[in-house]
Amino acid sequence: MLIIRTFLGIFFRVWEFEYSLYKCYGMSQFLYEDTCHRTLIQFRHSRAHLLPNHVLGKGLDWKGGDVGNSIGGGQKVRLLKEALESLTNQEDVIVLFTDSYDVIFAGDPEELLTNFQQFNHKVVFAAEGLVWPDKRLADKYPVVRSGKRYLNSGGIIGYLAHVKQIVQQWTLEDNDDDQLFYTKIYIDQLQRILCNIMGIIDDEVVLHLENGKARAQNTQYDTLPVLIHGNGPTKIQLNYFGNYIPNIWTPETGCGTCDMDTIDLSALEDYPRVTIGVFIEQPTPFLPEFFTRLLALDYPKEKLSLFIHNSEVYHEIHVQRFWKEAKKVIKKIKVVGPEEMITQAEARNMGMDICRQDKQCDYYFSLDADVAVTNPKTLKLLIEQNRKIIAPLVTRHGKLWSNFWGALSPDGYYARSEDYIDIVQGNRVGVWNIPYMANVYLIKGQALRSELKERNHFILDRLDPDMALCRNAREMGVFMYITNRHEFGRLLSTANYNISHLNNDLWQIFENPVDWKLKYINSNYSKIFTENLVEQPCPDVFWFPVFSEQACDEIIQEMEHYGQWSGSSHSDVRITGGYENVPTDDIHMSQIGMDKEWLHFIREFIAPITLKVFAGYYTKGHALLNFVVKYTPDRQYYLRPHHDASTFTINIALNTKDLDFQGGGCRFARYNCSVDAPRKGWSFMHPGRLTHLHEGLPVTNGTRYIAVSFIDP
């Protein structure tokens, strides 16, 4: 309870109290935290004196039912009755009785008192659109011209004497229903003079941001409620409002509470201990890169332990390689492989329980393999935010898909909140109370050993494991947060990951373009445009970096794995007409199922260079012939002079001269100009027809590979 002496005292004391409400609303009624308790607020109408403070129910276990069930609310009435018995009736004393765990104060006390006086009644109750717990009483309610008709016991404001007159009638037990008690008094015409109905929160209330202030707006009445009460299914909406009200976040000030109660890791003598749970639950692209980033986390390795669940035989080799590297710096590593045949939910329960059972485990960091954590400080940043459960925002590149939901549908599945897009796109930055998160999150070990002490949180009804965890957290009153205060990383797409190839990531240019580029495009590629990194060894022959060494190696591996080299025969059923005038010993991209991906590579990475070096020419990025050529002394070792059937050609060196082969190169006859030392991953680009007659110089030893495309034939 908070009691106010003067109006100035009202403002500052109430504002201080509101923050504790912000932290507490939505808590389970089964057990309150110290800051979550029933609250009695008393105002002197004259705003001249402060009555003694009273806190109702602090530290007591709730004996009633669930949040959305009024059965058991009698404990509230008893607490209020006992508190008021000690107060002397005075005409100018106003009492506000409300829950604290599911309430937000949106305005200051003066506004609250002014609104109450405008009702011109002795006692005012909250109102709602549902009649419960006894629907048979609906017809006995008075008819209202507009608005909600039925009484809600979650909020009561009135003059002390009249509120006392109501609660003194209570003779029932703690587990009886307070809503039914107040309802019977209200529908009694002899007593109704004491009661009237005030506005409540429901689906007609929206967030209102204006002039640096955040309020809830009741669109039905066009009002700005001072006290917002939500229970049962409306708690999620109340949590949403709590991200903004009172002035938690506004467009003008940004997040006003993000730096409150944070932890300064640099000030600690010792870093907290963290158990990291890694989950590989489906074939996942770029897994070696995932493990590299995991070891690159900026956190003392001696404070980390690892639990890895891998359900895919395909990834066993990746896990084994990582284990050999990680065990050098992380002492405790437990791996559960596909041979154990446990479900995803069982594995997640197992990983979380490792931290729960270890009293030295301060945090549990759950990380799915489809999360690319690109910020090495992610773990530190999450710990410093000091929340029981917090997730870093990660999104799928170029899409609105993320690892959180801002709202839930009535059946508990996804619904888009009004602020979802702004949060995902970074237009609203802060720490946000949310109903659902997945893929990557941090949980305090103490929360696992208290509110979440039950071992099984990932199995519930027919829900997915992540949905089961979130529902359990909501029902236990443990808030979940998402932070977008920093750039943390991204989500990979795993939906169309085909593992039938040798190097399956090569085919991910459509699904995961950012990761594909990082892995397969030369790190100096961007310098082509920023530093003019393009050479011209012969007239109109341009030379530039395009592929990483890994891309070159994997393309060669794919071709040799396929193995059906053409043998440089003139007869070639793969091309129109079935005859090749100047044949090479090659394999077409279409033969290994990479033709669409290769054309996309040309349009994304070759076409921009064309605009730079061939001014005024706009390529369609179309190519009928895309292939890898193999030169060896005992098969085809050179290529006679010829013109390409293209507007321009690219010729990418896939391996290294003097290391993998000797000899080789390309000579342009008209200019008597040769390039005989091609660089691995670099490409020639030159005109095809008429001007650039050229030949492949002999390979004298080893094997040379080049990737060729005839573009715009």
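Remember, it's a predicted structure, so these values are computed and weren't measured experimentally.

How each quantity is defined
Residues numbered from 1 in each chain as written. Predicted model: local features only at pLDDT ≥ 70, side-chain atom pairs only at ≥ 80, totals over all residues. Heavy atoms only, no water. Helix = DSSP H or I, 4+ residues; strand = E, 2+ residues; numbered from the N terminus. Buried < 20%, exposed > 50% of the residue type's maximum accessible area, 1.4 Å probe, protein only. Contact = heavy atoms within 4.5 Å. Areas by Shrake-Rupley, 256 points an atom, 1.4 Å probe, with all protein chains shown as cover. Phe/Tyr/Trp six-rings, centres within 6.5 Å; stacked < 30°, edge-to-face > 60°. Core = buried A, V, L, I, M, F, W, Y, C linked by side-chain atoms within 4.5 Å. Pairing = 2+ DSSP bridges. Axes fitted to C-alpha atoms, helices over the stretch in contact; angles between N-to-C directions. Polar contact = N/O pair within 3.5 Å; in protein donor to acceptor, adjacent residues only side chain to side chain. Disulfide = S-S within 2.5 Å. Salt bridge = Lys/Arg side-chain N within 4 Å of Asp/Glu carboxyl O.

Draft legend 1. Spatial organisation of the overall build of the protein. Helix and strand content of the protein: 17 helices and 41 strands. Here the protein holds 713 residues, and the buried ones make up 56% of them. For the protein, restricting intrachain contacts to residue pairs at least 6 apart in sequence, the fraction spanning at least 24 positions comes to 77%. Entry remark: accessible area of the protein is about 31,500 Å², with carbon and sulfur atoms responsible for 50%.

Draft legend 2. Up close: the packing of aromatic side chains. Counting across every chain of the model gives 37 aromatic pairs. Judged by centre distance (6.4 Å) and plane angle (65 degrees), the ring pair of Tyr314 and Tyr497 falls under edge-to-face. Linking Tyr314 in the loop between strand 15 (304-310) and helix 8 (316-326) with Tyr497 in the loop between strand 28 (489-491) and helix 14 (513-520), this pair joins segments that are 183 residues apart in sequence. Take Tyr314: its relative accessible area is 24%, and that puts it in the partly exposed class.

Draft legend 3. Structural detail: the nonpolar core. Ranked by internal contacts, the top residues of the largest apolar core, which has 51 residues, are Phe241, Ile245 and Met437. The element contributing the most residues to this core is helix 13 (residues 465-475), with five residues. Not counting residues within four places of it along the chain, the set of residues in contact with Met437 comprises Ile389, Ala391, Asn403, Phe404, Asp466, Leu469, Cys470 and Met480. Formed by 44 residues, the second largest nonpolar core is a distinct cluster that contains Trp507, Val534, Ile592 and Met594.

Draft legend 4. Quick peek at the sheet that holds strand 36 (residues 666-668). Pairing is antiparallel across the open sheet formed by four strands, whose spatial order is 33-39-36-37. Edge positions in the open sheet fall to strand 33 (639-642) and strand 37 (673-675), since each of these has one partner strand only. Ignoring which end each strand starts from, the neighbouring axes of this sheet average 15 degrees apart. Two elements, strand 36 and strand 39 (residues 694-696), share three bridges in a ladder whose sense is antiparallel. Along strand 39, the bridge assignment pairs Cys666 with Gly696.

Draft legend 5. Highlighting helix 5 (residues 178-187). Burial analysis of helix 5 places eight of its 10 residues in the buried class, the great majority of the element. Of all the positions in helix 5, only Asp178, Gln179, Phe181, Tyr182, Thr183, Ile185, Tyr186 and Ile187 are classed as buried. Where helix 5 starts, the residue carrying a side-chain oxygen 2.7 Å from the main-chain nitrogen of Gln179 turns out to be Asp177.

Draft legend 6. Layout of the state of the cysteines. Tallying each qualifying case throughout the model produces three disulfides. Shown here is the disulfide that connects Cys255 with Cys258, its sulfur atoms set 1.9 Å apart. Here Cys255 and Cys258 share a disulfide; its torsion about the S-S bond, 100 degrees, makes the bridge right-handed. On the basis of relative accessibility, which here comes to 2%, the residue Cys258 falls in the buried class. For Cys355, the disulfide goes to Cys361, at an S-S distance of 2.1 Å. An S-S torsion of about -95 degrees defines the bridge between Cys355 and Cys361 as left-handed. Cys361 matches Cys355 in its accessibility class, with the two residues each being buried. With its bonded cysteines labelled in order along the sequence, the protein shows the pairing 1-2, 3-4, 5-6. Left unpaired, Cys666 is separated from the closest cysteine sulfur, that of Cys538, by 7.9 Å.

Draft legend 7. Layout of the pattern of salt bridges. This model, assessed by the stated rule, comprises 29 salt bridges. Linking Arg428 and Asp422 is a salt bridge whose minimum nitrogen-to-oxygen distance equals 3.3 Å. The class of Arg428 is buried, set by a relative accessible area of 9%. The partly exposed category is assigned to Asp422, whose relative accessible area is 22%. Of the charged contacts in the structure, one is a salt bridge between Asp585 and Arg635, with a shortest N-O distance of 2.7 Å. A residue pair is termed long-range when its members are at least 10 positions apart, and Asp585 in the loop between helix 16 (549-562) and strand 31 (586-588) and Arg635 in the loop between strand 32 (623-631) and strand 33 qualify at 50 residues.

Draft legend 8. Summary view of the environment of Thr700. Relative to the assigned elements, Thr700 resides in strand 40 (residues 699-702). Along the backbone, Thr700 and Pro633 are 67 residues apart, and their C-alpha atoms lie at a distance of 5.8 Å. Beyond its immediate sequence surroundings of up to four residues, Thr700 is in contact with Pro633, Gln662 and Gly663.

Draft legend 9. Seen up close, the sheet that holds strand 27 (residues 480-483). With respect to topology, eight strands assemble into an open sheet ordered 16-15-14-17-26-19-27-24, the strand pairing being mixed. Looking at strand neighbours, the two that pair on one side only are strand 16 (332-336) and strand 24 (431-434), the edges of this open sheet. The average undirected angle you get between the axes of adjacent strands in this sheet is 20 degrees. Of the pairings in the sheet, the one linking strand 19 (residues 389-392) to strand 26 (residues 440-444) comprises two bridges and is antiparallel in character. From the neighbouring strand, Ile389 faces strand 26, where its bridge partner is Ile443.

Draft legend 10. Looking closely at helix 13. All of the buried residues in helix 13 are Pro465, Met467, Ala468, Leu469, Cys470, Asn472 and Ala473. Close packing links the buried residues of helix 13 with helix 9 (344-357), strand 19, strand 21 (404-405), strand 25 (436-437), strand 26 and strand 27. Among the residues trailing helix 13, Gly477 stands out with phi positive, at a value near 75 degrees.

Draft legend 11. Seen up close, the environment of Ile248. By secondary structure assignment, the location of Ile248 is in the loop between helix 6 (235-242) and strand 12 (249-250). Separated by 183 residues in sequence, Ile248 and Val431 have C-alpha atoms that sit 9.9 Å apart.

Draft legend 12. Structural view of the environment of Met437. Along the chain, Met437 falls in strand 25. On the basis of relative accessibility, which here comes to 0%, the residue Met437 falls in the buried class. Placed 30 residues apart in sequence, Met437 and Met467 show a C-alpha to C-alpha distance of 8.1 Å.

Draft legend 13. Expanded view of the pairing of strand 27. Side chains of strand 27 alternate between two faces, with Met480 and Ile482 and Tyr481 and Thr483 buried alike. Of the pairings in the sheet, the one linking strand 19 to strand 27 comprises four bridges and is parallel in character. By the bridge assignment, Ile389 is partnered in strand 27 with Met480. Where strand 24 lies against strand 27, four bridges are found, and the strand directions are antiparallel. Looking at the pairing, Asn433 lines up with Tyr481 of strand 27.

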